[in-house]
Amino acid sequence: LTDEKLTVIQGDVTNPADVAKVFETGKIDGVIVGLGGKTSDVGETMLTDGTNNIMNAMKTNGVKRIAVITSIGAGDSKDQAPFFFKILMATAMKKIFNDKNNQEAAVMKSGLEYCIVRPGGLTVEPPTGIINVIDGQAGSITRADVADFCLDAVTMDDFPYIGKAPCISSVGGTGWTKDRSKAARGEMK
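Fair warning: this is a prediction, and the values are worked out from it, not measured in the lab.

Grouped together as the largest cluster of nonpolar side chains are 25 residues, with contacts concentrated most on F23, V31, I54, M58 and I66. Sequence-distant contacts of I54, defined by excluding residues within four places in its chain, comprise V13, V19, F23, V31 and V33. Of all hydrophobic cores here, the second largest spans 16 residues; its members include C115, F149, F159 and I168.

This part takes up the environment of M55. Following the sequence through the fold, M55 ends up in helix 3 (residues 46-60). Owing to a relative accessible area of 3%, M55 belongs among the buried residues under this scheme. Sequence-wise, M55 and R65 are ten residues apart; in three dimensions their C-alpha atoms are separated by 9.8 Å. Once residues lying within four places of it in the same chain are set aside, the contact partners of M55 are I66, A106, V107, S110 and L112.

What the rule picks out here adds up to six salt bridges. Ionic pairing is found between D29 and K27, a salt bridge with its closest N-O pair at 2.3 Å. We classify D29 as exposed; its relative accessible area is 55%. The class for K27 is exposed, based on a relative accessible area of 74%.

Glancing now at the confidence of the model for the protein chain. Per-residue confidence for the protein chain averages 87 on the pLDDT scale, and 90% of its residues sit at or above 70. Confidence over residues 176-186 falls short of pLDDT 50; this stretch has 21 contacts with residues more than four positions distant or in other chains.

Criteria and cut-off values
- Residues numbered from 1 in each chain as written.
- Predicted model: local features only at pLDDT ≥ 70, side-chain atom pairs only at ≥ 80, totals over all residues.
- Heavy atoms only, no water.
- Core = buried A, V, L, I, M, F, W, Y, C linked by side-chain atoms within 4.5 Å.
- Buried < 20%, exposed > 50% of the residue type's maximum accessible area, 1.4 Å probe, protein only.
- Contact = heavy atoms within 4.5 Å.
- Helix = DSSP H or I, 4+ residues; strand = E, 2+ residues; numbered from the N terminus.
- Salt bridge = Lys/Arg side-chain N within 4 Å of Asp/Glu carboxyl O.
- pLDDT = per-residue confidence, 0-100.

Structure, rendered in C-alpha cells:
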C-alpha cells in the first residue's frame, strides 16, 4: 500500500516509545484506533494496553479527538449481538471481549473527546454509503463504511456521537447521514 499522503511507521502499540514515534511525524488532528488480532498472537491485554499508550501520547501532544473501533457485543451492547455471536463471546472469544470491555472503559475514563464505534459483522464489499446507528440487533457493514464513520468522528466538529458508543451497521436501526444540518442531527423539527 503506497500513497504520497501515507506514512507507514512500524512498531508495537504496546511499546510507548513506538507509539510516540507516530506523534513525531507532524501535526495530528485526531486518532482512529482499529486494533485487533487473535489473543493467542497478541496477548490478553493488547487492546487495552495499546489504547492506553495511544491516549497517553495524545494527551502529551494535545490531541483531543479519538474514535476507537471495538465490536458489537462489547460494553453495554451485548443484547445487540446476534444469538450465535453471543455464544462465541462467552466461549471462544471470551478473552478478547474482556480486553475490548477494558479498552472501552479506559477510553470512557480518558477525558478525551471519544467515539467508541461498535460495528456489526464486517464485510470487505465496496462501500455502500449506508451507515445506520442501531438500537436493536445489528447486521453487517463494510469496512469502508466503518472507516468513513470513524473519519467523520475525528474530523467533524459537531459529530453527533462524541462521548457515545454507537453500534453501526448497514442493515436496520436509526439512519445516520453526513448531512450536517441541525435537522439531520434531530435538533429541528
